[in-house]
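Listed below are the residues making up each chain.
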Amino acid sequence: MGQQQQPQQSTTSQPQQQQQQQQQTSSNPNAMSGGMNNLFNPAMAMAAANAVATGKMGDNTVMMNMAESMGKQFLETGWAKAVPGLERSMVGLRPYFAVDNKYVKRKMLRVLFPFAFRNSWARQEAGADADGKISYALPQHDDNAPDLYIPTMSLLTYVLLCALCYGTAGKFDPDVLPDVTTKCLGFQVLEVIAIRIGFYLMEAQVPILDLFCYTGYKYLGLVINMFSGITVGHLLGYGHRAYYFTYLWTATAVSYFILKVMANCIPRITSAVGPKRQFMVLGFAASQFATCWFVSQTKFLE
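Here the structure is a predicted model, which means the values were calculated and not measured. (Residues numbered from 1 in each chain as written. Predicted model: local features only at pLDDT ≥ 70, side-chain atom pairs only at ≥ 80, totals over all residues. Heavy atoms only, no water.)

## Some details on the environment of alanine 253
Within the secondary structure layout, alanine 253 lies in helix H11 (residues 239–265). Among the residues examined, alanine 253 registers a relative accessible area of 0% and is labelled buried. Expressed as a C-alpha distance, the spacing of alanine 253 and phenylalanine 113, which sit 140 residues apart in the sequence, is 6.3 Å. Filtering out sequence-adjacent residues up to four positions away, alanine 253 remains in contact with Val111, Leu112, Pro114 and Phe115. (Helix = DSSP H or I, 4+ residues; strand = E, 2+ residues; numbered from the N terminus. Buried < 20%, exposed > 50% of the residue type's maximum accessible area, 1.4 Å probe, protein only. Contact = heavy atoms within 4.5 Å.)

The structure is reproduced here in structure tokens:
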């Protein structure tokens with residue numbers, strides 16, 4: 001009898017051990033989440049609550065500091081490293097979104113009214129590293145620095161305005177949103193490739209993200225065009241005329257903006273066997289007229 005009771009004791013002890021292990025894992029969230037609590041910092045929640053309580057949510061400086069702290073914590077905790085290439089992409093894109101309200105206002109005026117700015121269009125240098133590589137100031141400190149915030153927001157706004165145009169004409173389709181977005185991005189990618197080839201032939205170096213920034217500012221002009229077309233078309237019935245009248249202004253402004261920007265991006269001395277610098281600058285500027293025309297959505301304007 002004593003020998004038959006031993007297996008029963010061993011079998012009854014196994015569920016108890018499993019129950020104890022479950023209790024240990026449930027009492028220790030780090031064992032299951034792998035450091036999930038590091039992502040949600042109570043100090044950041046308290047800081048957000050204090051900002052709301054003191055009415056500082058409208059303070060752009062406070063919000064920028066909080067967003068920067070959360071971004072750094074996201075990178076340092078290792079969660080960004082879980083996705084291959086995500087951490088490197090975030091680090092590379094961070095300078096292009098370092099903007100504030102003042103920069104956005106000044107940049108929009110510079111894109112839409114470039115003829116009024118007679119000062120230098122050259123970027124401000126922030127310093128150089130040990131290898132002699134020059135680093136430039138962030139957008140919030142330099143109006144000539146490229147950013148991806150304005151192009152991204154302008155593209156989203158333009159797509160929504162196109163959907164509104166289709167909707168007011170009774171022709172709305174959910175496929176309008178991806179179709180317009182794909183068309184805009186497709187033409188922009190082809191434009192960036194063409195400009196990149198031109199820089200390569202001239203043996204001039206420029207980051208490819210800078211080219212996406214510069215070619216993306218035309219979406220701001222497209223927003224102005226579509227908004228004027230919808231508004232005038234609804235009020236007076238001359239949507240097409242208002243759109244193309246505004247198009248002449250915005251396309252000319254964006255082209256002149258690209259002309260000044262590219263003139264500062266391309267060195268004075270380029271490859272002797274490559275294309276002429278002056279012709280390439282003029283070609284890059286003229287391309288804005290063509291791409292703004294091709295991505296226009298005027299079929300259902302009144």
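## Observations concerning the confidence of the model for the protein chain
Regions with low pLDDT should not have their predicted coordinates read in detail. Residues with a pLDDT of 70 or more make up 70% of the protein chain, whose mean pLDDT is 79. In the model of the protein chain, helix H2 (residues 29–33) stands out as the element of lowest mean pLDDT, 43, in contrast to helix H6 (residues 101–112), which has the highest, 95. Low pLDDT, under 50, characterises residues 1–13; the predicted model gives this stretch 0 contacts beyond four residues in sequence or across chains. Low pLDDT (under 50) marks residues 24–40, which in the prediction has 13 contacts with non-local residues, meaning those over four places away or in another chain. (pLDDT = per-residue confidence, 0-100.)

## A look at the layout of surface pockets
It is the rolling of a water-molecule-sized probe over the atoms that shows where space remains empty. For the largest pocket, the calculated volume is near 1,000 Å³. Lining the largest pocket are 30 residues, and of these Arg123, Ile134, Tyr136, Pro207 and Asp210 sit closest to its centre. Every element with two or more residues in the lining of the largest pocket is listed here: H6, strand E2 (134–136), helix H9 (208–216) and H11. Partitioned by chemical class, the residues of the lining of the largest pocket number 18 nonpolar, 5 polar and 7 charged. (1 Å grid on protein atoms, 1.4 Å probe; cavity = no way out; pocket = protein on both sides within 12 Å on 5 of 7 lines; lining within 4 Å. Points joined across faces, edges and corners; volume = space filled by probe spheres on them. Nonpolar A, V, L, I, M, F, W, Y, C, P; charged D, E, K, R; others polar.)

## Considering the nonpolar core
Formed by 26 residues in total, the largest nonpolar core has its most connected members in Phe199, Leu211, Tyr217, Phe257, Ile258, Met262 and Phe284. Elements supplying a minimum of two residues to this core: H6, helix H8 (176–201), H9, H11 and helix H12 (277–294). If you tally residues by element for this core, the top one is H11, at 5 residues. With residues up to four places along the chain from it excluded, the contact list for tyrosine 217 reads Tyr103, Lys107, Val111, Ala145, Pro146, Asp147, Ile150, Pro151, Val254 and Phe257. Judged by nonpolar contacts, the second largest core, of 21 residues, contains Cys165, Val180, Ile230 and Tyr247. (Core = buried A, V, L, I, M, F, W, Y, C linked by side-chain atoms within 4.5 Å.)

## Quick notes on the pattern of salt bridges
For the coordinates displayed, the defined rule picks out 3 salt bridges. Ionic pairing is found between arginine 106 and aspartate 143, a salt bridge with its closest N-O pair at 2.8 Å. Of this pair, arginine 106 sits in helix H6 while aspartate 143 sits in the loop between E2 and helix H7 (149–168), placing them 37 residues apart in sequence. We classify arginine 106 as partly exposed; its relative accessible area is 32%. You can call aspartate 143 buried: its relative accessible area is 19%. We note a salt bridge from glutamate 191 to lysine 218, for which the minimum N-O separation is 2.8 Å. Of the two residues, glutamate 191 sits in helix H8 while lysine 218 sits in helix H10 (residues 218–235), which places them 27 residues apart along the sequence. On the basis of relative accessible area, glutamate 191 is assigned to the buried category, the value being 6%. Owing to a relative accessible area of 2%, lysine 218 belongs among the buried residues under this scheme. (Salt bridge = Lys/Arg side-chain N within 4 Å of Asp/Glu carboxyl O.)

## Things to note about the side chain of threonine 291
Within the secondary structure, threonine 291 sits in helix H12. Not counting residues within four places of it along the chain, the set of residues in contact with threonine 291 comprises Glu191 and Lys218.

## Remarks on the packing of aromatic side chains
In total, this model carries 11 aromatic pairs according to the counting rule given. On the basis of an interplanar angle of 65 degrees and a centroid distance of 5.7 Å, the ring pair of tryptophan 121 and phenylalanine 257 is categorised as edge-to-face. Placement of tryptophan 121 in the loop between H6 and strand E1 (125–128) and of phenylalanine 257 in helix H11 is noted, with a sequence separation of 136 residues between them. Each of the two residues, tryptophan 121 as well as phenylalanine 257, counts as buried. Relative to phenylalanine 300, the ring of tyrosine 166 lies with its centre 4.8 Å away and its plane at 65 degrees, an arrangement referred to as edge-to-face. (Phe/Tyr/Trp six-rings, centres within 6.5 Å; stacked < 30°, edge-to-face > 60°.)

## Looking at the packing of H11 against H12
Orientation of H11 relative to H12, taken along the N-to-C sense of each, is 150 degrees, at an axis distance of 8 Å. Our classification of the angle between H11 and H12 gives roughly antiparallel. Between H11 and H12 lies a crossing whose hand is right-handed. Where H11 approaches H12, its residues Tyr244, Tyr247, Leu248, Ala251, Thr252, Val254, Ser255, Ile258, Leu259, Met262 and Ala263 are matched on the opposing element by Arg277, Val281, Leu282, Phe284, Ala285, Gln288, Phe289, Cys292 and Trp293. Split by residue class, the contact of H11 with H12 holds 16 nonpolar, 3 polar and 1 charged. (Axes fitted to C-alpha atoms, helices over the stretch in contact; angles between N-to-C directions. Parallel < 35°, antiparallel > 145°, perpendicular 65-115°, else oblique. Left-handed = near helix turned anticlockwise from the far one by under 90°.)

## Regarding the side chain of serine 296
Within the element layout of this structure, serine 296 appears in the segment after H12. Taking relative accessible area as the criterion, serine 296 reaches 14% and is therefore assigned buried. A distance of 2.6 Å separates a polar atom in the side chain of serine 296 from the backbone oxygen of cysteine 292. Once you skip the residues sitting within four places of it in the chain, serine 296 turns out to touch Tyr158, Lys183, Leu222 and Tyr243. (Polar contact = N/O pair within 3.5 Å; in protein donor to acceptor, adjacent residues only side chain to side chain.)

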